[in-house]
Amino acid sequence: MSRYIKRTSKKAGAAPVTLVHVGERKLDKTRITLTTYDEKSTSTTALQDAAALSGLKRSAGKRLWLNIDGVHDAALVESIGKKFGIHPLTLEDVLSTRQRPKAEAFDTYLYIVLKMLKYDSGTRAIKSEQISLIIFPDLLISFQESTGDVFDGVRERIGKTGSTLRRESCDYLAYALTDAIVDNYFLILETLGQDLESLEDELIDSPRAEAMQTIHALRHELIFLRKQVWPLREVVNRLTREESAIIREPTRLFMRDVYDHTIQIIDTIESYRDILSGFLDLYLSIVSYRMNEVMKTLTIIATIFIPITFIAGVYGMNFKNMPELDWRWGYAGVWAVMLTAVAGMVYYCKRKKWW
Amino acid sequence: MSRYIKRTSKKAGAAPVTLVHVGERKLDKTRITLTTYDEKSTSTTALQDAAALSGLKRSAGKRLWLNIDGVHDAALVESIGKKFGIHPLTLEDVLSTRQRPKAEAFDTYLYIVLKMLKYDSGTRAIKSEQISLIIFPDLLISFQESTGDVFDGVRERIGKTGSTLRRESCDYLAYALTDAIVDNYFLILETLGQDLESLEDELIDSPRAEAMQTIHALRHELIFLRKQVWPLREVVNRLTREESAIIREPTRLFMRDVYDHTIQIIDTIESYRDILSGFLDLYLSIVSYRMNEVMKTLTIIATIFIPITFIAGVYGMNFKNMPELDWRWGYAGVWAVMLTAVAGMVYYCKRKKWW
Amino acid sequence: MSRYIKRTSKKAGAAPVTLVHVGERKLDKTRITLTTYDEKSTSTTALQDAAALSGLKRSAGKRLWLNIDGVHDAALVESIGKKFGIHPLTLEDVLSTRQRPKAEAFDTYLYIVLKMLKYDSGTRAIKSEQISLIIFPDLLISFQESTGDVFDGVRERIGKTGSTLRRESCDYLAYALTDAIVDNYFLILETLGQDLESLEDELIDSPRAEAMQTIHALRHELIFLRKQVWPLREVVNRLTREESAIIREPTRLFMRDVYDHTIQIIDTIESYRDILSGFLDLYLSIVSYRMNEVMKTLTIIATIFIPITFIAGVYGMNFKNMPELDWRWGYAGVWAVMLTAVAGMVYYCKRKKWW
Amino acid sequence: MSRYIKRTSKKAGAAPVTLVHVGERKLDKTRITLTTYDEKSTSTTALQDAAALSGLKRSAGKRLWLNIDGVHDAALVESIGKKFGIHPLTLEDVLSTRQRPKAEAFDTYLYIVLKMLKYDSGTRAIKSEQISLIIFPDLLISFQESTGDVFDGVRERIGKTGSTLRRESCDYLAYALTDAIVDNYFLILETLGQDLESLEDELIDSPRAEAMQTIHALRHELIFLRKQVWPLREVVNRLTREESAIIREPTRLFMRDVYDHTIQIIDTIESYRDILSGFLDLYLSIVSYRMNEVMKTLTIIATIFIPITFIAGVYGMNFKNMPELDWRWGYAGVWAVMLTAVAGMVYYCKRKKWW
Amino acid sequence: MSRYIKRTSKKAGAAPVTLVHVGERKLDKTRITLTTYDEKSTSTTALQDAAALSGLKRSAGKRLWLNIDGVHDAALVESIGKKFGIHPLTLEDVLSTRQRPKAEAFDTYLYIVLKMLKYDSGTRAIKSEQISLIIFPDLLISFQESTGDVFDGVRERIGKTGSTLRRESCDYLAYALTDAIVDNYFLILETLGQDLESLEDELIDSPRAEAMQTIHALRHELIFLRKQVWPLREVVNRLTREESAIIREPTRLFMRDVYDHTIQIIDTIESYRDILSGFLDLYLSIVSYRMNEVMKTLTIIATIFIPITFIAGVYGMNFKNMPELDWRWGYAGVWAVMLTAVAGMVYYCKRKKWW
């Protein structure tokens, strides 16, 4: 369960901007990829280490996208920070993977923290990965916790001649990445929606004990998802109105679109929570209804047979002096009494609508 | 269940303004209808295809209402967009039928997304259809997902000489369409109200297991309805105050009326939710009360007969040496003991108010 | 149950300001009463029909209160509207009795919709009647759905020489009417309070199945009441601050008093809801506790007698070769065994605190 | 139960500022106490009646505190009102003891309504008494419903030479009185806290049926308390920021302190509500767990003995032709079968973890 | 249980700024520690008593951190207050350990109240200790209730040459202390997270009665934690925007970081509450499901054996005239009847899916 806060190596009271990695280490080796593009050409290079960055030049018209997979290497992050003049607090946030989604405007750049979600088909759990975007007009640095992301579509569009991405500044690239992450949330919601749908069918058909645990697990996922998405709303909202000049006016129009999607995602999560809480009620009421059925059957059986079993018991007694035993119609009479008793009980149960 | 988000063809990370249809395709062929009206005359033509639009001229004093049924034809939407100078993001939203109700002001037009609800008497479910309105002062373009709408009343009024609709600009037409959609919500609420009323009668009369499922289904519908109507409130509110000049001051007064209706609808939905949650409590308490009744009966029967059955069992034993069996009043005595036991138990149950 | 929205005759999509009555018709004939008053004199006349209004003159210093009982007569409302220059949207709202309480400022008048509540002692239900007030400085027109209202106190004060009402403009009359309606809500709350109190006594004393239905009914009434009162708060609040010049500064001070009452009523309704939800918990826990008691008794009886009944059964078997049966102390021994078993079971139940 | 709104003598529709007492009459005779103090001296006089007030003079440097116990005497309140120029609406509010805490600024004075709480050790209920403060710079009039208050500490400090109270204007006295009332709330919360604590101990130790009623009663008290304290927050908040010049800047700093206390009280009440709702869950789960235990025992007993009782019953039948009865090891064999059955059942119950 | 408000020695109505200690006395002797530091050197001295402070000089460039462990010594606090010109209300708040976290700007200093949490491994409860910070540009006075805190990291950094702490004014020290306290909250949340995790495992594996009490205890801790942390959010938020000049602009950037942490802590607490409420549902549904299982078994056993036991009972009767007893295949026939009955009952139970 990665749903609870985990103990990290950082000691309470440590200097705030000591650069140490906080969180689970998800990758062995850091991978650095540099994409250079302008309207005419695109090139992508894998860099060996931080040293390779020293020769990097920012020239007018060229846009750079520096993507780093793996944030456990504090030294690398620090050298990147020095190279591009990034505030120590930003670097600390990049290294600490337990950030909340947020957007912070600095003098020369805009810093955005996002959460990329992945559906782990093995454990059927949703995993979250922190994405940090540091946005300059002509440079975007993205930090991911591990390899594998939802940006393939974006890469494709960078590769395509004439795409908007190629024409625009890095704020548009930031939008494209944010949009890709948010769009991916819909896939997660679809998966959850399918789970909800099949759970609903099962509940109405024949609820088993496991249903409750599925409800519980889905609830957990929704609590987790909600915690990831709610702050996102504020982040994207600020991006559409931010005083920072990094996000230019035309891009803000696109960001407004992402904002609409975020609202829609939040709406859906809230609906799902409502639906799930309805499932719980449904499950409990079905369990309770079945208990009722079971108890009625028991009661009907007991109510009918216990009295006549007693009657049979009476005439099984061995008293010397029991006149009924010698009567000619004694046995038949007992049957008559017993059948009358049964009829009475059946009538009683029917009237009570138990049958 | 169309209550959960469905997987769509759009790939996460795709270019945001690639025009592809997102959502269920509800119609085979797109139908284009053009209504031209001014104070003196009205004419309605069905257009064959997008090409027929090329000859369309906007002249002073004439108002145009272009209605398109079916939004799966991206090429058509694109050609309409080019013809009237509509922003690509708007076109993308028109094509994607999973929008949230919203109002967006652009330079030359106002874009409104609404949800038209239909009660499907077959599945007893409420269906939602997305309506997009693009409003220019002298032109209104409406996109619907399929044929069949709630605008017949509006069409009638356009046809009537001297009606306000004929005199006013297209913002008034937009109001009339919005009003028709919102008015239609009341019909949906009435249907739900009737379902709630008959469910209430049934619950108080004799709750069956199905009642719980009806409660569950109604709850689902209300969650769905709520998700459609809540954002509408914000949309209509903005229309009454919007800085955009498309909606003129006198029309805003009418929009305020629609806003009042929206608030009333939201109030009613919230009341229904409250009522439904009361039904759930009622159902559960009735089930629990009946269980109680059943258990009491079982306990009374068992409490009375189990002890005397034991007594009968004792004298059914075959021990050689059982003096009671030979006593003259043994049998009568046993009856006396048993009746005393019964009387005691009955008294006990009465005192506990179980009877 | 008038708690659910009812189908009305108005067709969705109809022209918004077609004047037709929407809602239940509660009265056969419309009654028009005109009260003319100034500081010195008061006179009240019953008018036959709308025609009688044509001669009506508004002179300085005279105030007019025109009260109409019954709003189903669209023609009458329309002719009044024309006579006094009232906006068609206002007239439509007067005719539609499913309005939400609201206050709307027009150029020459202020329009207020209020809900007058009546406790129907027959069905023990609260009924709501729509009151529309159209306020000019020297004229107040009030529309009621049927005869019978809570304004007798106001009429009395108009009749009394030297009362404030006689001295002040019609905004003070509007205040007096609003105050009378809001004060009447306290009576409704008292009635509900008494019902709650006797329900509480009953619940603690001996809860019966009907208690649950009473809880349910009261909850219904509270949901209904809440829906009526919540918007009132906003209405009265706006009257104390409204930019419209109709309500003059001194009257606003009095309106602030009405506002305080409204807040108090809302507080009380919320408290009642809390209390009622506590009753539900109490009821369910009592039912559950009683169930527990019943089950304990059953279990004690069964636990004690089932084993010894088995023992008696064993020695009721007819095997040839059952040595115990021939033992001299066999019978006494069995009793000893059985009593020991009983003692053991009783001890067990006592230790478990079931007894 | 004084928790529900009570019918009062005031008729709906009566003139708003007719001065009549509204509420329960708690005192036979009104008591008027006048305290005159300045930096050098203090004197306290009991006044016989309103007439004694006529000679009262307000001189510079002297501060007056006029305290009236008992507000049923409308004539007295009216004469005080006339003497000091108090608005009729204020007088009406003083007389009506069902006010909500509020602060209203008038031209020459500030009017505050507060609720003084008392713990009635007899009925273990919290009682509320309305305190009205009318504050002039050099005069404070306080109205209480009955004798006995929490102001003894304040009186002591007025008596003490050199105390801040003696030096400051009447706004500081108002602060001192408000502070005394709010401080007293902590005592009420402590009492409730002790009740909660002992209830918790009892619940965990051995919950009895009464626990539920104690939970219910405490919940009632908290709902009541909440209704008293919530509006107080707004009142005190306004006093710290009020545009009225009555409360001077230095006193506002002290009022901010009272505001902090009010927030703390509200926090505590909300915590208590949370805790109480936890108690309810705890109680219900314990009851349900015990039921479970009881049912398990019943089931184990029944499951073990019912089958073997049947076997014994079979061999108690009197058929002529029952070969087993004549077998040499028949009886021993039956015992063997029965013991095997018992062993099987015990194993089954153990596996199900019922034992 | 320190979760409820405790009676304190302060009498309601006492003068507000009488300096008396309010709260539990946690320490025998007060400990005063003075740390003097500038960019070049640091020195820490333990002061004997308040008298030792008299010689204290504030010189430019030197920063002083005066830490007092133990706040029960009112005289000491008062003499510190006089020495540094601190407002009596601040001193009163320092002495009263039942404050809510808050920030108050005074003319020359900023006063912050924080709550330091400690996990008491003995009682497994979270304890709260009040920390008061009085911040001047060149002096920070911190009051703690007892010895032992989370500031060791801060002390270390003061001791380190070249650390930011050494260079900056006392507002940065205040930030460092606040950060240390807030960081420590994460440790508390981790401990709670571990408890939640192991509780979840236990619940899914085999819920015992104690689980409910653990849920209850954790809920209690969360309510307590929430009450401590919620106001903190407002405090830190004000520190990032405060008009007071004490916190300088660069430090505010760091405070924004603390604010982010606070939001994250609140998010986590709310998630934990959600999760815990899910545990409660899970526990109750598992208990209810097990009850169901138990009842089904009982019903199956009873349903199968009660009827056939009756049949056996019938032929155990001793009537003279019972023809079946003499039939050759009577005994076999009874077995046949009984087996048929069993088969029927088994079929019935199977069809009802009880088996």
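Please refer to the structure higher up on the page.
Residues numbered from 1 in each chain as written. Chains lettered and ligands numbered in written order. Predicted model: local features only at pLDDT ≥ 70, side-chain atom pairs only at ≥ 80, totals over all residues. Heavy atoms only, no water.

### Description of the sheet that holds strand S1 (residues 31-37) of chain D
Residue and element names in this part refer to chain D.
Now for step 1: If you trace the 7 strands from one edge of the open sheet to the other, you get S2-S1-S3-S7-S6-S5-S4, paired in mixed fashion. Each edge of the open sheet carries a strand with a single partner, namely strand S2 (42-47) and strand S4 (102-105). Here the strands of the sheet are splayed against their neighbours by 20° on average, with no regard to which way each runs.
Now for step 2: This element, helix H3 (residues 152-159), spans S1, S2, strand S3 (63-69) and strand S7 (139-144) of the sheet and lies at about 150° to S3. (Pairing = 2+ DSSP bridges. Helix = DSSP H or I, 4+ residues; strand = E, 2+ residues; numbered from the N terminus. Axes fitted to C-alpha atoms, helices over the stretch in contact; angles between N-to-C directions. Contact = heavy atoms within 4.5 Å.)

### What to know about the interface of chain E and chain D
Now for step 1: In this complex, chain E contributes 66 residues to the contact, which on the side of chain D involves 70 residues.
Now for step 2: Summed over both sides, the interface of chain E with chain D buries roughly 6000 Å², with 61% coming from carbon and sulfur.
Now for step 3: Joining chain E to chain D, the criterion identifies 7 salt bridges.
Now for step 4: The partner of Asp 267 of chain D in a salt bridge is Arg 100 of chain E, and the shortest N-O contact between them spans 2.7 Å.
Now for step 5: If you look at where chain E meets chain D, you find 18 residue pairs in polar contact (both at pLDDT 80 or more).
Now for step 6: If you list the elements that add at least two residues to the side of chain E that touches chain D, you get helix H2 (88-95), strand S4 (102-105), helix H6 (209-241), helix H7 (249-314), helix H8 (323-326) and helix H9 (330-351) of chain E. (Buried area = accessible area lost by both parts, 1.4 Å probe. Salt bridge = Lys/Arg side-chain N within 4 Å of Asp/Glu carboxyl O. Polar contact = N/O pair within 3.5 Å; in protein donor to acceptor, adjacent residues only side chain to side chain.)

### Comments concerning the relation of the copies chain E and chain D
Related by rotation about an axis and a shift along that axis, the two copies of the chain form a pair.
Now for step 1: For these two chains of identical sequence, chain E goes onto chain D by a turn of 72° and a shift of 0.0 Å along the axis, with RMSD 0.1 Å. Overall, the copies show the geometry of a five-fold rotation axis. When C-alpha distances to the rotation axis are compared across chain E, the minimum falls at Gly 316 of chain E, with a value of 4.7 Å.
Now for step 2: Little of the interface of chain E is mirrored in chain D, where only 14% of its interface residues again form contacts. (Least-squares fit on C-alpha atoms with pLDDT ≥ 70 in both.)

### Focus on the relation of the copies chain E and chain A
Now for step 1: Each copy of the sequence occupies a distinct position, and chain E is placed on chain A by a rotation of 72° and an axial shift of 0.1 Å, giving an RMSD of 0.1 Å.
Now for step 2: Taken as a fraction of all interface residues of chain E, those also at the interface in chain A reach only 13%, which identifies the copy contact as different-surface.

### Considering the interface of chain E and chain A
One frequent convention defines the size of an interface as the accessible area lost when the parts assemble.
Now for step 1: Contacts between the two partners involve 70 residues from chain E and, on the opposite side, 66 residues from chain A.
Now for step 2: Together chain E and chain A conceal approximately 6000 Å² of surface at their shared face, both sides included; 61% is due to carbon and sulfur atoms.
Now for step 3: Summed over the three residues of chain E that lose the most area to chain A, namely Glu 190, Phe 310 and Phe 319 of chain E, the buried surface amounts to 12% of that side.
Now for step 4: At the surface where chain E touches chain A, the tally comes to 7 salt bridges.
Now for step 5: Across the contact surface, chain E and chain A share 18 residue pairs in polar contact (both at pLDDT 80 or more).
Now for step 6: In terms of residue count, the dominant contributor to the side of chain E that touches chain A is H7 of chain E (34 residues).
Now for step 7: A breakdown of the residues in the side of chain E that touches chain A according to their chemical character gives 33 nonpolar, 19 polar and 18 charged. (Nonpolar A, V, L, I, M, F, W, Y, C, P; charged D, E, K, R; others polar.)

### Digging into the pairing of strand S1 (residues 31-37) of chain C
All names here are of chain C.
Now for step 1: A large share of S1 lies buried, amounting to 6 of its 7 residues.
Now for step 2: Of the pairings in the sheet, the one linking S1 to strand S3 (residues 63-69) comprises 7 bridges and is antiparallel in character. Bridged to Leu 34 within S3 is Leu 66.
Now for step 3: Pairing between S1 and strand S2 (residues 42-47): 6 bridges, direction antiparallel. Residue Leu 34 lies in a different strand from S2, and its bridge partner there is Thr 45.
Now for step 4: In this antiparallel pair of consecutive strands, S1 and S2, the connection spans 4 residues. (Buried < 20%, exposed > 50% of the residue type's maximum accessible area, 1.4 Å probe, protein only.)

### Some remarks on the pattern of salt bridges
Now for step 1: In the structure shown here, the tally under the stated rule is 100 salt bridges over all chains.
Now for step 2: Of the charged contacts in the structure, one is a salt bridge between Asp 326 of chain C and Lys 320 of chain B, with a shortest N-O distance of 2.6 Å. Of this pair, Asp 326 of chain C sits in helix H8 (residues 323-326) while Lys 320 of chain B sits in the loop between helix H7 (249-314) and helix H8 (323-326), on two different chains.
Now for step 3: The class for Lys 320 of chain B is exposed, based on a relative accessible area of 64%.
Now for step 4: Arg 248 of chain C is the partner of Glu 168 of chain C in a salt bridge, and the nearest nitrogen-oxygen pair spans 3.0 Å. Here Glu 168 of chain C is found in the loop between helix H4 (164-167) and helix H5 (170-205), whereas its partner Arg 248 of chain C is found in the loop between helix H6 (209-241) and helix H7 (249-314), with 80 residues between them in sequence.
Now for step 5: Given a relative accessible area of 22%, Glu 168 of chain C falls into the partly exposed group.

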